[in-house]
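Each chain is listed here by its residues.
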Amino acid sequence: MTGTYNYALVLLSILVAIVVSHTALRLAARVASAKGSTARIWLAGGAVAMGTGIWSMHFIGMLALSLPIALSYDLTPTIGSLALAIASSGFALKLASHPDSGFKRLSVGALIMGAGISGMHYVGMTAVQVVPMIRYELGLVLASVGIAVGASLAALWLFTHLGTENTWRVRATRLGAAFIMGLAISGMHYTGMAASRFAANSYCLTPSLAGSGMDSRWLALVIATIALGLLAITTILLVYDAHLESNARRYNAMLENANAKLQHAATHDALTGLPNRVLLADRMGQAIARAARHEIRFAVLVVDLDRFKAINDSLGHIAGDELLQEVARRLSGLLRKDDTLARLGGDEFVLVIHEVTSAQDAEAVASKVLTQVALPVRLAGLDVHVSPSVGIAMCPDDGVDSETLLQHADAAMYHAKKKGRNTFQFFAPAMNAFARERLELESGLRAALAQREFELHFQPKVDVATGRIESAEALIRWRHPKKGLIPPGGFIPLAEETGLIVPLGEWVLYEACRQAREWQDQGLHLRMAVNLSARQFRQDGLIETVRNAMSVARLEPRYLELELTESAVMQDAEASVQIMRRLSDLGVRISVDDFGTGYSSLSYLRRLPLDKLKIDRSFIREIVTSRDDATIVRAIVSLAHSLHLKVIAEGVETQEQLTFLRSLGCDQYQGYLCSPPLPPVEFLTLLPHHHPIEESKRVPPSLEDTMISRVLRKV
């Protein structure tokens, strides 16, 4: 007895097979990417969905067969075939999710899975209630089993090689693979159906589908709808889960990126991108361990830029940042692959040079650093030159831990600065004493202001023509409780570096005004000269500070003279003009100190509200023996007088120098020829010999002269 097929149901079964295959491929990818309980849930649910889909394809294919007799089906074998389909699907998904996917493992898995699918088919065929029983043609049975095994092997291979990605290429490949797998599964089923042989006198044991009133086509549609619905739900869940997973991956990537940025920010300098102190400590720890393990040496170089603060103050912080970035690029160009360059902060860099065989190797690197950093840098339209001071410490000679090595290299760097800057120094044990002394000095300097350990000494300014003392310059001294009297050169540079120069300068201003007023109360009317540092000159509250100092001391502005270095004035000449005009409006006198050592522009010099130019002592020292110095001093005096400015020479120590200055028409001098700086009481002993002028008699000529000169300069 032969039968015919309903081709609509055949096509429906093939469609179900293709959908099952596509869903199975997606399920395999999801199970492979899942972990823990999530993987078990997807495995169980996927096995049910996939197994039900395969079984429904099989059952629809059976319903597509029409025989001369009506057929009915036993429920128990039908359910058994469904269980086999689900079990085979679960096994396939489990096998596909395993990381070990060698050909041998896939082959064994394909045999087991093919046997399961074949068993599902033939167990399902036993559900047909027909007498006599169905016989099978062995060749076609073996062919159907072979197709099942081959399809299983192909499916498992695709499961493990398509991956978990969701790119368009993978999606297209998955669709093509699903189509081929669907045809293979259908081919297995219809080959198995072709192997079935029904006897000519066969009849059904139980009521048929026709007798029950249900058309096989409608039953097939119901089963297909249920199966496809289940597969659709599974696909929707897969799509939604993939969406959630994609979002999770995206958020994880964003989080990892943010963490990487935070990690980079925590270990790198924001301005230059170089390693900071944290990462440097880690790199140095690794270098120390490697040096100890292989008995090799490495060098630590601390590089500090000379005069960086002056560039920062004069050209601005943006230009200073550009300079640091350029120095970082130049130093980076000197590194080998394993070396490290870090920025500790400010203008200080550290180089860790590996596998240094001798001190000469470190010296060669230091020389390259000096050369590279010394090249001009274009900043704010100017070619700026900056030099480095380099300190070198060797491991293990100068230390076996990062903190000690950095400390010793830093001490060597400060020794290089002390030696004149723009050079390098290797660490020596004696430098520790210098570094400790400097640290103690800084600590003591901070306490000295509160404990009133500072005092003022005064050096007279003498009229060259008359020999009278017309004013005094206030010079600070530190009465250290252990070291005794420390001159300004011993602590002023440190005060500049630490920023203490501002409160220190304010104290000098207030104390000088107080002393000037005290002398006036004693009948001695002298003008008091006070030095302003460059940083103090740039303070926003300078005008108010000067006004308050005079107000507290009850000192008239004409008795106060402020001295500014030429370099401080010309750092930002336009801003200096505005500040000095405001000071001049207060009524105080202004003079430029160390004139001739800077880079004054004559156009600005004409605009500045000055009263005096003070010639630097370096020109006075050899004025009698050096024609060049004499020519320079003569030119300065002539220039100043043409601008109606007074001229004062500092550092006058011999009578010959004074005689020459008098011949040039210099107005005032100060120096050891008259007196060194003296405490207030000793300073008073000089005045009877230099005819001090009483206020009650007349205004001092110097005051009259400066008033007239200011009027003349405005004409």
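Above this text you will find the structure in question.
First, a word on scope: everything that follows refers to the structure included in this document. Since the structure is predicted, the reported quantities are computational estimates derived from the model, not experimental observations. (Residues numbered from 1 in each chain as written. Predicted model: local features only at pLDDT ≥ 70, side-chain atom pairs only at ≥ 80, totals over all residues. Heavy atoms only, no water.)

As a further point, take the pairing of strand 15 (residues 469–480). Counting buried residues in strand 15 gives 11 out of 12 residues, a clear majority hidden from the surface. The pairing of strand 14 (residues 454–463) with strand 15 spans nine bridges and is classified as antiparallel. Along strand 15, the bridge assignment pairs P460 with A472. Pairing between strand 15 and strand 16 (residues 484–486): three bridges, direction antiparallel. Within the sheet, the bridge partner assigned to H480 lies in strand 16 and is G484. In textbook terms, the turn of a hairpin is the stretch between consecutive antiparallel strands, and for strand 15 and strand 16 this stretch comprises three residues. (Buried < 20%, exposed > 50% of the residue type's maximum accessible area, 1.4 Å probe, protein only. Helix = DSSP H or I, 4+ residues; strand = E, 2+ residues; numbered from the N terminus. Pairing = 2+ DSSP bridges.)

Compared with the 22 Å implied by 1.5 Å per residue over 16 residues, the 22 Å span of helix 22 (residues 627–642) between its first and last C-alpha is a close match. Turning to helix 22, its buried residues are D629, A630, V633, I636, V637 and A640. Angularly, the buried residues of helix 22 cover 125 degrees about the axis, an arc narrow enough to put them on a single face. Of the exposed residues in helix 22, the ones pointing more than 90 degrees away from its buried face are R627 and D628. At its buried positions, helix 22 is contacted by strand 19 (589–595), strand 20 (612–615), helix 21 (617–620), strand 21 (646–650) and helix 23 (655–664). In the segment just after helix 22, H644 is the residue with positive phi, at about 60 degrees. (Expected span 1.5 Å × (residues − 1). Arc of directions from axis to C-beta. Contact = heavy atoms within 4.5 Å.)

Turning next to the sheet that holds strand 7 (residues 298–305). Here we have five strands laid out as an open sheet, ordered 8-9-7-12-13, and mixed in their pairing. Each edge of the open sheet is held by one strand with a lone partner, namely strand 8 (340–345) and strand 13 (424–426). Neighbour to neighbour, the strand axes of the sheet diverge by 20 degrees on average, direction disregarded. Pairing geometry for strand 7 and strand 12 (residues 388–395), over eight bridges, is antiparallel. (Axes fitted to C-alpha atoms, helices over the stretch in contact; angles between N-to-C directions.)

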